[in-house]
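Chains, contacts and geometry: an overview
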Amino acid sequence: MPLSKLNQEQYAAATAPAGKNLVIASAGTGKTSTIVARIAHLLNLGIKPEKILLLTFTNKAGAEMVERLSRHFSSKIISKITAGTFHSVSNSLLKKLEKGVILKQPSELKTLLKSLVERRQFHRIAEVKAYSGAYLYDVYSLFCNSCVKGENFADWFSVNYEDQAVYAEIYEDILREFEEQKARFNYADFNDLLIKMRNELKKGAPVYFDEILVDEYQDTNSLQGSLIDAFNTKSLFCVGDFDQSIYAFNGANIDIIGGFGLRYEGAQIYTLNTNYRSSAKILALANKVISNNPRLYPKQLTVSREGSFKAPNLLIYEELFNQYENIAEAIEISPYKKDDIAVIFRNNSSADGLEMAFREHGIACKRKGGVSFFEAREIKALIDLIGIYVNPKDIMAFIHIFEYARGMGNAAAKEIFDTLLSLGDKNIVCGLLKPDHGVQVYERKKKNYQLGLFDDFDEFRDSARFKNLGFSDEFMANPVLNYSNLNEFGATFLYEIHNLLAQIYGNNSSQEVLNAVISSKIYGIIVDFLATKRATLKNGNVDEEQKKEAKERIYAKARVLFEMSKKHKECDNFYNFLTLGRTEMSEGEGVNLLTVHASKGLEFGQVFVVDLAQNRFPNLKLMGMGGSLEEERRLFYVAVTRAKDELYLSYAKYDKIRKVDYKPSCFLEEAGMVRKFI
């Protein structure tokens, strides 16, 4: 059983009495084994599995723990445990409460917010450049994650973004409209899932767990903390390490783990001090640096691994790309398997030089955080075309597709969508194929200059202006063509969407629908747009051979998606998989190129931490945007503790492209690897 393999500290934590328990589990001390053992202990005590909730920060982590438990308990028992991320658990619980929502990715809702921002005239208020819709979404997300006590957005924004305070009320009004639009279509982002679940619990939703276990507790933000408290469970089992709290930029609040003992009466604190991952010399370096941060809880790591290991090595280079080239050469002759090697960096710009050097040496690598298969624009376009069909109220899919219609902006796309929704009785497919000609559309909008509102159009034009484009009589009669801001390209775009929907209408076969979409003229227009863009040279000319190759690559990707559709018979199920299950897919083979954040929770035989130069790591720019030296130091600690056997630290003295001189990172000083510089 899981309990039999624990050391004394792990066993004491795993068998702790019910109550408010916090386990400080430093890097490599076996936190996953302890959590699995804790769940096994609860089951052995007779706690019903359906009364156990495990919250993790990735679905992969939750699945791994459940898989370990399945080696000792029947699938009938394990399947009743609720396990997953805060968001996935909230989503499933809301569905059981019949409070389900249509989950949208942040990128999709950014497009919706952008369409609302475009309707405002900020220059009438001040000369300060206003935030884009995408950036405003990120600011609002930070507000939702950080403020849970009824704070006013405009007041919070004015304090935290003083240079933009003149627009605070406009932004607040835009966000009010944004929330109305989301409610109109029952849309929710990841924050909304937590907020709605918390609100349902506060209203007395019949959801109760005997114990809630929380992994990576140091990364919880105020919103997640408020959700945990809303469950009102008598027993909490939280596992984390304050030295690995590295998500302040995303709202993570280190005070949540730091104040655990004060917040919960009778709380018990357990500490895991035996490291099973890193060599003694690597661990000594990590401890020496992190000890410069305030100690929230006492701990002293010890090493369990025996044997002779290399001491961490500092590599100093004269020039930046020299560094990348030499690291590639070292990896080329490394005795470690390529997927057991990681190169870790603080800034994404480092990965570009590394990737180039690796390619020159023929070294396979995978860059976590790069453009994944599902984020490629050609694949997202396919998903959005299916989305329009599967969910005829999907404004985001429609706006995304219309981004490929030349001369048609997001605001215009939203107006067209609203028109089709009216014509189709809240169904844009019907609005295109079977419009209700008795519906009054295009009502004049009211002006409100105080909040930056203005009319999007002043008059409507006869659809006869499109009579020479070869549209069918049926389509020419659609009132949507009377929209004055609809140009010829936009009208043709709508016509090809109409033709595709007419072809697949009533078909729920994922393969047949996807094949029709791939073969459609509307997708052909999108493919031509993307291929042209990718084949356009710096002088503005289009390389026709490159364009042909780009088209071939795009359609090859589409066929990969088609092969995947064979595993999902029904189109709507396939679409749900594409929107909810695509974020944690495999990313290939080779050397791991990782940001520090992406490396968290992983371990490798050989690790290179690069660009350890002052200003780059620690990143002084990010520190000036709300970060801190303490958080940068925690990032360094996370990076070096990914290494099991060999650790190489490196920096370059000069960047010839930017013409910048660099001093060694202050963390190299603290580690005793360089002398203190003045």
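Conventions and cut-offs
Numbering of residues starts from 1 in every chain and runs along the sequence as written. Local features are withheld for residues below a pLDDT of 70 in this predicted model, meaning they are given only at 70 or higher, and side-chain atom pairs are given and counted only at 80 or more; totals for whole chains, interfaces and linings count all residues. The basis for the side-chain values is all heavy atoms of the structure; hydrogens and waters are excluded. Aromatic rings from Phe, Tyr and Trp, with only the six-membered ring used for Trp, were paired whenever their centres fell within 6.5 Å, and each pair was classed as stacked if the ring planes differed by under 30 degrees, edge-to-face if by over 60, and tilted otherwise. Runs of E in the DSSP output that reach at least two residues are strands. Runs of H or I that reach at least four are helices, and both are numbered from the N terminus. The rule is simple: take the accessible area with a 1.4 Å probe, protein chains only, and divide by the maximum for that residue type; under 20% is buried, over 50% is exposed, in between is partly exposed. Throughout this description, the term nonpolar core refers to a set of buried Ala, Val, Leu, Ile, Met, Phe, Trp, Tyr and Cys residues connected via side-chain atoms within 4.5 Å. An automatic or database domain assignment provides the domain bounds reported here. Note on definitions: a residue-residue contact is assigned when non-hydrogen atoms from the two residues lie within 4.5 Å. Here the axes come from fitting lines to C-alpha atoms, over the contacting stretch only for helices, and the angles between their N-to-C directions go from 0 to 180 degrees. Should an angle fall under 35 degrees it is called roughly parallel, over 145 degrees roughly antiparallel, and 65 to 115 degrees roughly perpendicular, with every other angle called oblique. Rotating anticlockwise by less than a right angle from the far helix to the near helix defines a left-handed crossing, while the corresponding clockwise rotation defines a right-handed one. Three categories are distinguished: nonpolar for Ala, Val, Leu, Ile, Met, Phe, Trp, Tyr, Cys and Pro, charged for Asp, Glu, Lys and Arg, and polar for the others, with Gly belonging to the last. Any two strands with at least two DSSP-identified bridges between them are counted as paired.

A word on the packing of aromatic side chains
- Here the structure, examined in full by the defined rule, presents 35 aromatic pairs.
- Ring geometry for Phe209 and Phe231: centres 5.9 Å apart, planes at 65°, overall edge-to-face. In this pair, Phe209 sits in the loop between α10 (190-202) and β6 (211-214) while Phe231 sits in the loop between α11 (222-230) and β7 (235-240), placing the two residues 22 residues apart along the sequence. Accessibility assignment for this pair places Phe209 and Phe231 in one class, buried.

Some remarks on the nonpolar core
- Ranked by size, the top nonpolar core spans 96 residues in total, and within it Phe153, Phe402, Ile416 and Leu494 carry the most contacts.
- Each of domain 2 (102-185) and domain 4 (377-578) contributes no fewer than three residues to this core.
- Excluding residues that lie within four positions of it along the chain, Phe402 makes contacts with Met408, Ala413, Ile416, Gly490, Phe493, Leu494 and Ile497.
- One finds Leu285, Ala286, Leu612 and Phe636 within the second-largest nonpolar core, a separate group that totals 37 residues.

Overview of the packing of helix α8 (residues 153-160) against helix α9 (residues 168-185)
- At a closest axis distance of 9 Å, the pairing of α8 and α9 adopts a crossing angle of 135°. Put simply, α8 runs oblique to α9. In this structure, α8 meets α9 at a crossing whose hand is right-handed. Residues Phe153, Ala154, Phe157 and Ser158 of α8 pack against Ala168, Tyr171, Glu172 and Leu175 of α9.
- Across the contact of α8 with α9, the residue classes tally to six nonpolar, one polar and one charged.

Notes on the sheet that holds β6
- Pairing is parallel in the open sheet, where six strands are placed in the order β3-β2-β6-β7-β1-β8. Two strands lie at the open edges of the sheet, namely β3 (82-85) and β8 (268-272), each paired on one side alone. For this sheet, the mean inter-axis angle between neighbouring strands, taken without regard to orientation, is 15°.
- Pairing geometry for β6 and β7, over four bridges, is parallel. Across the sheet, the residue bridging to Ile212 is Leu236, located in β7.
- The strands that helix α5 (residues 86-96) touches are β2 (52-56), β3 and β6; relative to β3, the one it contacts most, it runs at about 130°.

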